[in-house]
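# Fold and contact review
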Amino acid sequence: MPSPSTVLVTGGAGYIGSHTAKELARAGYRVVSYDNLSRGHRWAVKWGPLEEGDLLDQDRLRQVLAAHNVDAVLHFAAFAEVGESMREPELYFRNNVAGSLSLLEAMHHSGVRRIVFSSTCALYGVPETVPITEDVPKAPANPYGESKLMVEKMLQWEGACRALQWTALRYFNAAGCDAEGDTGESHSPESHLIPSLLEAALGKRPACPIFGSDYPTPDGTCIRDYIHVTDLADAHVRALRHLENGGASMALNLGTGDGYSVNQILAAAEKVAGRPIPIERQGRRPGDPPKLVAAPQRAFATLGWKPSHSSIDNILETAWRWAAQRSASNA
Ligand code: UFG
């Protein structure tokens, strides 16, 4: 029997990284998480060892790649707050871009030739056409989206010059939590819609702001494509297999192709919480595009992937169970 492949998961203590670590372990991979714990959580690392370290510490990266005989990297470690990136762009270029460069250098030095990269629909900016295909012009509207686009460009050149095999997975709105409650979403402060609504439902905050009611959408609130984090995790495992089987390097949208408005999410959250949620209607949040919905057909065809956990009810149910569990254990 050949020994299982070892995968380094950067950002393995974070939201999407930890869910993917679980899925990798389930698929038979050996998982090593690499995280500086600046935003991740030690409790989220359950499916293999945690190697503490920073992406910018290349000696440490090289040491970890060699010590664990790493075969491939799944690269999640990054800052991911759009608003923060507008206030502190340097933070995003240093951590997300320079950090990824350091990782790519360490991989090249160590002979690791496969990477699946955590990218984002934020690199499309305000798209001219929806649903969004991978080939529409890229026009990031904030340093966060720009930082991810810059890394995608580095991957293309590393592919051309170094024969690196890569996949960039452009997530739409990651949502929901592990159905078994082994890991979940925990940001501080929380800025995303679903966990913010559930915090308000649990009395952890006085009210959830609802940003904008005058968008050119049927009910005036923004439309997003919510994709369950377990479906994202599954797509990462498939993307890795695709590369192992000699598949072509490319960028793929990960979304459902269906859009839901903020008001629809509010209604679904109230249903799962079984109570009215206190909200505060506010003006538009700067930089929010009215409608972002994926055309995910390329991922379907390339990875044989289809979302199976991403109904709005399942997203809300798993997020609610996790929020209630966290709230009870922190009470
Ligand atoms: N919203 C509210 N109230 C809140 C939080 C959000 O009304 O308290 C609204 C937003 O205005 C937006 C929608 O809910 O219309 C979704 O907002 P999120 O903050 O949950 O998610 P975003 O769509 O802003 O962000 C997501 C990812 C980012 C990514 C971005 C691309 O989380 O990483 O999509 O646009 F960059």
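A few points on the structure. Numbers given for residues are sequential positions, taken from 1 along each chain in its written order. Confidence filtering applies because this is a predicted model: local features only for residues at pLDDT of at least 70, side-chain atom pairs given and counted only at 80 or more, and all residues used for totals across whole chains, interfaces and linings. Here the side-chain values reflect all heavy atoms present in the structure, with hydrogen atoms and water set aside.

## A few points about the sheet that holds strand β11 (residues 250–254)
Ordered by their spatial adjacency, 7 strands build an open sheet running β3-β2-β1-β4-β5-β6-β11, and the pairing between neighbours is parallel. Either end of the sheet is taken by a strand with one partner, and the two such strands are β3 (50–52) and β11. Between one strand axis and the next, the sheet turns by 20 degrees as a mean value, whatever way the strands run. Strand pairing requires that DSSP identify at least two bridges connecting the strands. Numbered from the N terminus, helices here are DSSP runs of H or I no shorter than four residues, and strands are runs of E no shorter than two. Where strand β1 (residues 6–10) lies against strand β4 (residues 72–75), 4 bridges are found, and the strand directions are parallel. Across the sheet, residue Val9 finds its bridge partner in β4, namely Leu74. Helix axes are fitted to C-alpha atoms over the stretch in contact, other axes to C-alpha atoms as well, and angles between N-to-C directions run from 0 to 180 degrees.

## Structural notes on the pairing of β1
The buried fraction of β1 amounts to 5 of the 5 residues, a majority that puts the element mostly inside the structure. Burial classification: accessible surface area is computed with a 1.4 Å probe over protein chains only, and a residue below 20% of its type maximum counts as buried, one above 50% as exposed, and the rest as partly exposed. Here β1 shows no split at all, with Thr6, Leu8 and Thr10 on one side and Val7 and Val9 on the other all buried. The sheet contact formed by β1 and strand β2 (residues 30–35) spans 5 bridges and is parallel. For Thr6, the partnering residue across the bridge sits in β2 and is Arg30. Following the backbone out of β1, through helix α1 (residues 15–26) and into the adjacent parallel β2, one traces a crossover that is right-handed. By convention, a crossover is right-handed whenever its connection, traced from the first strand over the helix to the second and viewed with the strands pointing away, goes clockwise.

## What about the site of the ligand?
Around the ligand sit 21 residues in total, of which Leu193, Pro209, Arg224, Arg285 and Asp288 are the nearest. Considering each element in turn, the shell around the ligand owes the most residues, 4 residues, to strand β8 (residues 208–211). Residues are grouped as follows: Ala, Val, Leu, Ile, Met, Phe, Trp, Tyr, Cys and Pro are nonpolar; Asp, Glu, Lys and Arg are charged; all remaining types, including Gly, are polar. Residue composition of the shell around the ligand, by class: 14 nonpolar, 4 polar and 3 charged. In this document the domain limits rely on a domain assignment from an automatic tool or a database. Counting the residues that make up the shell around the ligand, at least three belong to each of domain 1 (6–175 + 226–254) and domain 2 (193–224 + 257–291 + 300–329). One heavy atom suffices: a residue is near a molecule or strand as soon as one of its heavy atoms comes within 4 Å of it.

## Notes on the pairing of β8
Of the two faces of β8, only the one carrying Cys208 and Ile210 is buried; Pro209 and Phe211 on the other face are not. Where β8 and strand β13 (residues 279–282) come together, 4 bridges link them in parallel fashion. When the sheet's bridge partners are listed, Phe211 is paired in β13 with Gln282.

## Some thoughts on the pattern of salt bridges
Only one rule defines a salt bridge in this text: a Lys or Arg side-chain nitrogen within 4 Å of an Asp or Glu carboxyl oxygen. Enumeration according to the criterion identifies 16 salt bridges in this entry. Across the salt bridge formed by Asp178 and Lys22, the nearest N and O atoms sit 3.0 Å from each other. Of this pair, Asp178 sits in the loop between β7 (173–175) and α6 (193–201) while Lys22 sits in helix α1, and the two are 156 residues apart along the sequence. The class of Asp178 is buried, set by a relative accessible area of 7%. For Lys22, a relative accessible area of 9% puts it in the buried group. One salt-bridge network, held together by shared partners, links Lys22, Asp178, Glu180 and Asp182.

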